[in-house]
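Coordinates in review
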Amino acid sequence: MKKTDLTMDFETFIEFMREKVQICLGARASIEHKTVLKGNGMKLQALQISQDTMILCPVIYLERYYEDYKEGKPVAACVKEVCDVFTNNQFEQQEAEALVESIKSWEMSRRVVHPILLPYEGNEELLETLVYRKYLDLALCYSLCLEHETNGNMTVRVSRGLLETWGISEEELYAQAFDNMKYAGYHIMSIREVLSNMGMPCCLEDEIDDCSFSVLTNRRKLYGAAGILNTDLLEAFSEKVKQNLFLLPSSLHEMIIVPDDGKMNAQEYAEMITDVNGTMVRKEECLADHAYYFDRERGEVRMAG
């Protein structure tokens, strides 16, 4: 795609898209510009499309369309794509709305609620809407992990409003979410297993120690970093390697486990994590810029250092 001279800044592009999508979809839809708060203070610009008969309103993010426009894609093609996304979404609307209705029931939701970890710092505005408790320097929040026939795994973070709808306390929610962890398939994989699962057989098998570093996640690989709450799992692994453990946040979805053999310290790991977060992890999926530590004698997780 050939780049063209940019004629619209992002703000102008957003308003142009809103007006043209409204014309395209006509009076049957209402188009609004919406700023959506994501993780770590990140905000994305979107069009929210609603109709009187809709319970769910599709939210279509505009950043990628603007990038396409800057690369030379005709703005009319961007408008058509957004309209097509909305039209295609209508085929799934009934199923999705039934899912939303089921979420309102605590009895229907209790078996699919799980703890998740988010950064506390930088997420203060988001956390005002969510149910959470402090855990070290993180926020322990809650998410419903749902199976959608078309879209696969879907997650819905538990808001304060949803907790009120259920009519339960945060303590009850925590107890249920923690109990559900034993069914979520949390596990620690060696580097050999990770490479094998990625379809990349290790050609340096003789040079890699299975315990040099491992990855902690869950079956779905969604918010798997919360596995550090399972201290029994960490204790079993630390007993296997006969060492305490450094816990390095790779993202919200996994934690890298490194036995503390004295070769690197907390500051060195923090520098490594910061570098990886800045170059390889999406901003909204970063968990922390430093390591955590599992002390096997105390059986607890703490800040490293």
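Below or above, wherever it landed, is the structure these notes cover.

About the cut-offs
Throughout this description, residue numbers start from 1 for each chain and increase along the sequence as written. In view of the model being predicted, local features appear only for residues whose pLDDT reaches at least 70, and side-chain atom pairs are presented and counted only at 80 or more, with totals across whole chains, interfaces and linings using the full set of residues. As a rule here, side-chain values come from all non-hydrogen atoms in the structure, and water together with hydrogens is ignored. Helix and strand labels come from DSSP, where a helix needs a run of H or I of at least four residues and a strand needs a run of E of at least two; each type is numbered from the N terminus. Burial status follows relative accessibility: with a 1.4 Å probe on protein chains alone, a residue under 20% of its type maximum counts as buried, one over 50% as exposed, and anything between as partly exposed. By definition in these notes, contact holds between two residues if any of their heavy atoms fall within 4.5 Å. What sets the accessible areas is the Shrake-Rupley method with a 1.4 Å probe; for residues, cover comes only from the shown protein chains. For the purposes of this section, nonpolar cores are sets of buried Ala, Val, Leu, Ile, Met, Phe, Trp, Tyr and Cys residues that join through side-chain atoms within 4.5 Å. One side-chain nitrogen of Lys or Arg within 4 Å of one carboxyl oxygen of Asp or Glu is enough to make a salt bridge.

1. Focus on the overall build of the chain
- In terms of helices and strands, the chain carries eleven helices and 13 strands.
- The buried share of the chain, taken over its 305 residues, is 42%.
- For the chain, restricting intrachain contacts to residue pairs at least 6 apart in sequence, the fraction spanning at least 24 positions comes to 61%.
- Entry remark: accessible area of the chain is about 16,600 Å², with carbon and sulfur atoms responsible for 50%.

2. Observations concerning the nonpolar core
- Counting residues in hydrophobic clusters, the biggest one holds 49 residues, and the most contacted among them are Val158, Trp166, Leu173, Ile228, Leu234, Leu247 and Ile257.
- Counting residues per element, this core draws most heavily on strand E6 (residues 138-148), at seven residues.
- Not counting chain neighbours up to four residues away, the residues in contact with Ile228 comprise Leu117, Tyr135, Leu216, Leu234, Leu247, Met255 and Val301.
- With 21 residues, the next largest nonpolar core counts Ala29, Ile49, Val82 and Cys83 among its residues.

3. Details of the pattern of salt bridges
- The final tally for this structure, using the stated rule, is 13 salt bridges.
- With a closest N to O distance of 3.7 Å, Glu125 and Lys43 form a salt bridge. With Glu125 in helix H6 (residues 124-127) and Lys43 in strand E2 (residues 43-50), this pair connects stretches of sequence that are 82 residues apart.
- A relative accessible area of 47% places Glu125 in the partly exposed class.
- In this structure Lys43 comes out as partly exposed when scored by relative accessible area, which is 46%.

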